[in-house]
2 protein chains.
Amino acid sequence: MKKNNNIFDVNKQNSDKKQLFIDAAICSLGNHGYKGTTVRQIAKYAGVAPGLLTHYFKGKEVLIAESYKYLAKQFLDDFQTKIGEHETDPVKTLQLFFQNFFEPDNMGADYLRVWLAFWTLTLTEPHLRNTHKEIHNQYISSIENMLLDAFTANNIDITDKDPRSLAIGIHALLDGLWLECCLDPDAFSQSINLEIIYNFAQSTTGLNIKPT
Amino acid sequence: MKKNNNIFDVNKQNSDKKQLFIDAAICSLGNHGYKGTTVRQIAKYAGVAPGLLTHYFKGKEVLIAESYKYLAKQFLDDFQTKIGEHETDPVKTLQLFFQNFFEPDNMGADYLRVWLAFWTLTLTEPHLRNTHKEIHNQYISSIENMLLDAFTANNIDITDKDPRSLAIGIHALLDGLWLECCLDPDAFSQSINLEIIYNFAQSTTGLNIKPT
DNA sequence: AAGAATTTTGAACAATTGTACAGTACTATA
DNA sequence: TATAGTACTGTACAATTGTTCAAAATTCTT
């Protein structure tokens, strides 16, 4: 879900200059964090003079906010696309979703740096707070829908279940594991994380999620 | 666990000047985030001239690193103390631990701002990486021990269980819920969070954790 | 090809940053 | 009270920040 080709690579020939700056900003956030992401650093990644930034964005903070929206939306779109591709078996969809979460491409210090910067902004800028709220809701709903599909496909009675709470829990567990894994990559592995999430999801939902 | 009286209040009469600066730094991080935490701002909270900082610490970054270690250690100590107080019933200990995690005092944007700054540092400074690793290990071990106590007290067979993985999962779930709750306080409540963690912990461990 | 419009540059700017340090205030010892 | 030593102040400074803007380069229009 957190797949993004532009964190390390910036296509300097991009004719869409706004997008070029967004890519460069994300790249800089990933490599140098919020503190190291200066106008001059962004410009360097974009292969452009520093002064050009204000020609396309009102200011540096605005650019970073736009980058946030772009990245969050892109992740969600990727995720929705992947879901669409494996509509056949709902349980397999869940498995793929979990696996995708812990792909090495979607982890690491670089990614966490970007999200730390964005979360910091979320706490400050009121309009970004709404963006976060929106994105988060869509995530939860997606997981909830996957669960509902899986329940009906396996003829599981849901009268005593609360799919939304289950979705919130699963999402929180994924987030927590992802965070700790980025902070200390040595202590975690994709297989261990998957084992944990499979066990949790299986025993809370009653679905037979764990692959054989 | 995240209880800290010095996030908003700084005792300017503190004779231990090093601790005064640490309190002031945490206070500033909570109120203004990493970007807004300047030497002058810290000095203002400490009620002291800016130049005094370098007299007690080698530099600003060193002070923030020290604050990290102090806060992380304090949280763990608080947690250990609370465990000691309720040694009688292991299951009740777990309940208290969960409840304490979602106390309003331990949540909110101010607290998240502090941890975002610390996590950012963890990604940069190698020696803080070890600090994080150490603290995290102690957290997991504490939860694991609580689980083991609860298993033996309730005569539950653990041959088919992996207590450490369960502890990692529970910790990640707590972290994830805490994070999302700080980012969007409107969408969460203490009772919902507890309901979720109770359900997860109960169905994964087999313990009768949920309070009646 | 010529002129208008736009894009891009890069130096200059005021503001803010962390740190250094000479000087002042304080405290303890004699 | 006089002296030594520490605690503390507040200015000063070099470095870096985001932003501005006149000039240059480029592209578009006619």
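These numbers come from a predicted model, not from an experiment. (Residues numbered from 1 in each chain as written. Chains lettered and ligands numbered in written order. Predicted model: local features only at pLDDT ≥ 70, side-chain atom pairs only at ≥ 80, totals over all residues. Heavy atoms only, no water.)

Some words on the relation of the copies chain A and chain B
Two copies of one chain are present, and they are related through a rotation about an axis combined with an axial shift.
Part 1 of the reasoning: For the pair chain A and chain B, the superposition axis carries a translation of 0.0 Å, the fit reaches an RMSD of 0.1 Å, and the rotation angle comes to 180°. Those values place the two copies in the arrangement expected of a two-fold rotation axis.
Part 2 of the reasoning: An overlap of 100% is found between the interface residues of chain A and their copies at the interface of chain B, pointing to a shared contact surface. (Least-squares fit on C-alpha atoms with pLDDT ≥ 70 in both. Contact = heavy atoms within 4.5 Å.)

Observations regarding the packing of helix 1 (residues 17-36) of chain B against helix 2 (residues 39-46) of chain B
Residues and elements named next belong to chain B.
Part 1 of the reasoning: Between helix 1 and helix 2, whose axes approach to 8 Å, the crossing angle comes to 130°. Regarding the angle of helix 1 to helix 2, the classification is oblique. Our pair here, helix 1 against helix 2, has a crossing hand that is right-handed. Judged by residue contacts, Leu20, Phe21, Ala24, Ala25, Cys27, Ser28, Asn31, His32 and Gly36 of helix 1 engage Gln41, Ile42, Tyr45 and Ala46 from helix 2.
Part 2 of the reasoning: Broken down by class, the residue content of the contact of helix 1 with helix 2 amounts to eight nonpolar, five polar and no charged. (Axes fitted to C-alpha atoms, helices over the stretch in contact; angles between N-to-C directions. Helix = DSSP H or I, 4+ residues; strand = E, 2+ residues; numbered from the N terminus. Parallel < 35°, antiparallel > 145°, perpendicular 65-115°, else oblique. Left-handed = near helix turned anticlockwise from the far one by under 90°. Nonpolar A, V, L, I, M, F, W, Y, C, P; charged D, E, K, R; others polar.)

Comments concerning the side chain of threonine 204 of chain A
Part 1 of the reasoning: Assignment of secondary structure puts threonine 204 of chain A in helix 9 (residues 190-205).
Part 2 of the reasoning: Given a relative accessible area of 13%, threonine 204 of chain A falls into the buried group.
Part 3 of the reasoning: One polar contact links the side chain of threonine 204 of chain A to the main-chain carbonyl oxygen of phenylalanine 200 of chain A, over a distance of 2.7 Å.
Part 4 of the reasoning: A polar contact is formed between the side chain of threonine 204 of chain A and the backbone oxygen of alanine 201 of chain A, at a distance of 3.2 Å.
Part 5 of the reasoning: Setting aside residues up to four positions removed in sequence, threonine 204 of chain A forms contacts with Leu166 of chain A together with Asn199, Phe200 and Ser203 of chain B. (Buried < 20%, exposed > 50% of the residue type's maximum accessible area, 1.4 Å probe, protein only. Polar contact = N/O pair within 3.5 Å; in protein donor to acceptor, adjacent residues only side chain to side chain.)

Brief notes about the packing of aromatic side chains
Part 1 of the reasoning: Inspection of every chain in the model, using the stated rule, returns 21 aromatic pairs over all chains.
Part 2 of the reasoning: Their ring planes at 85° and their centres at 5.6 Å tell us that tryptophan 115 of chain B and phenylalanine 118 of chain B sit as a pair that is edge-to-face. With tryptophan 115 of chain B and phenylalanine 118 of chain B both in helix 6 (residues 109-124) and three residues apart, this pair spans about one turn of that helix. There is no split in this pair, since tryptophan 115 of chain B and phenylalanine 118 of chain B are both buried.
Part 3 of the reasoning: Linked through ring pairs, Phe97, Phe98, Phe101, Phe102 and Tyr198 of chain A together constitute an aromatic cluster.
Part 4 of the reasoning: Positioned over the ring face of tyrosine 34 of chain B is lysine 60 of chain B, at 5.4 Å from the centre of the ring. (Phe/Tyr/Trp six-rings, centres within 6.5 Å; stacked < 30°, edge-to-face > 60°. Lys NZ or Arg CZ within 6 Å of the ring centre and 35° of its normal.)

Quick notes on the protein's contact with DNA strand D
Part 1 of the reasoning: Not every one of the 15 residues close to DNA strand D is listed here, only the nearest: Val39 and Lys60 of chain A together with Lys17, Ala49 and Tyr56 of chain B.
Part 2 of the reasoning: Within 4 Å of the protein, atoms of DNA strand D come from sugar and phosphate in 63% of cases.
Part 3 of the reasoning: A distance of 2.5 Å is found between a phosphate oxygen of DNA strand D and a side-chain nitrogen or oxygen belonging to lysine 17 of chain B.
Part 4 of the reasoning: Separating a phosphate oxygen of DNA strand D from a side-chain N or O atom of tyrosine 56 of chain B is a distance of 2.5 Å.
Part 5 of the reasoning: Looking at the surface near DNA strand D, the elements with two or more residues in it are helix 2 (39-46) of chain A together with helix 3 (53-56) of chain B.
Part 6 of the reasoning: Residues belonging to the surface near DNA strand D are distributed by class as follows: five nonpolar, six polar and four charged. (Near = heavy atom within 4 Å.)

A look at the protein's contact with DNA strand C
Part 1 of the reasoning: Close contacts around DNA strand C come from 15 residues, with Lys17, Ala49 and Tyr56 of chain A together with Val39 and Lys60 of chain B the closest.
Part 2 of the reasoning: Each atom of DNA strand C within 4 Å of the protein belongs either to a base or to sugar and phosphate, the latter forming 62%.
Part 3 of the reasoning: A distance of 2.7 Å is found between a phosphate oxygen of DNA strand C and a side-chain nitrogen or oxygen belonging to lysine 17 of chain A.
Part 4 of the reasoning: Within the side chain of arginine 40 of chain B, a nitrogen or oxygen atom sits 3.0 Å from a base nitrogen of DNA strand C.

Notes on the layout of surface pockets
In this approach a probe as big as a water molecule rolls over the atoms, and the regions it shows empty are the leftover space.
Part 1 of the reasoning: Within this model, the largest pocket holds a volume of roughly 490 Å³.
Part 2 of the reasoning: For the lining of the largest pocket, the elements supplying multiple residues, two or more each, are helix 1 (17-36) and helix 6 (109-124) of chain A together with helix 1 and helix 6 of chain B.
Part 3 of the reasoning: A class-by-class count of the residues in the lining of the largest pocket yields eight nonpolar, 11 polar and eight charged. (1 Å grid on protein atoms, 1.4 Å probe; cavity = no way out; pocket = protein on both sides within 12 Å on 5 of 7 lines; lining within 4 Å. Points joined across faces, edges and corners; volume = space filled by probe spheres on them.)

A few points about the interface of chain A and chain B
Part 1 of the reasoning: If you look at the interface, chain A gives 39 residues, while chain B gives 39 residues.
Part 2 of the reasoning: With both chains or domains summed, chain A and chain B bury close to 3,500 Å², and 69% of this area falls on carbon and sulfur atoms.
Part 3 of the reasoning: Ranking the residues of chain A by area buried against chain B places Leu123, Leu183 and Phe200 of chain A at the top, with a combined share of 19%.
Part 4 of the reasoning: Our count for the contact surface shared by chain A and chain B stands at six salt bridges.
Part 5 of the reasoning: Across the pair aspartate 186 of chain B and lysine 133 of chain A runs a salt bridge, and its minimum N-O distance is 3.1 Å. (Buried area = accessible area lost by both parts, 1.4 Å probe. Salt bridge = Lys/Arg side-chain N within 4 Å of Asp/Glu carboxyl O.)

Take it as geometry only, folks, not as evidence of what the structure does.
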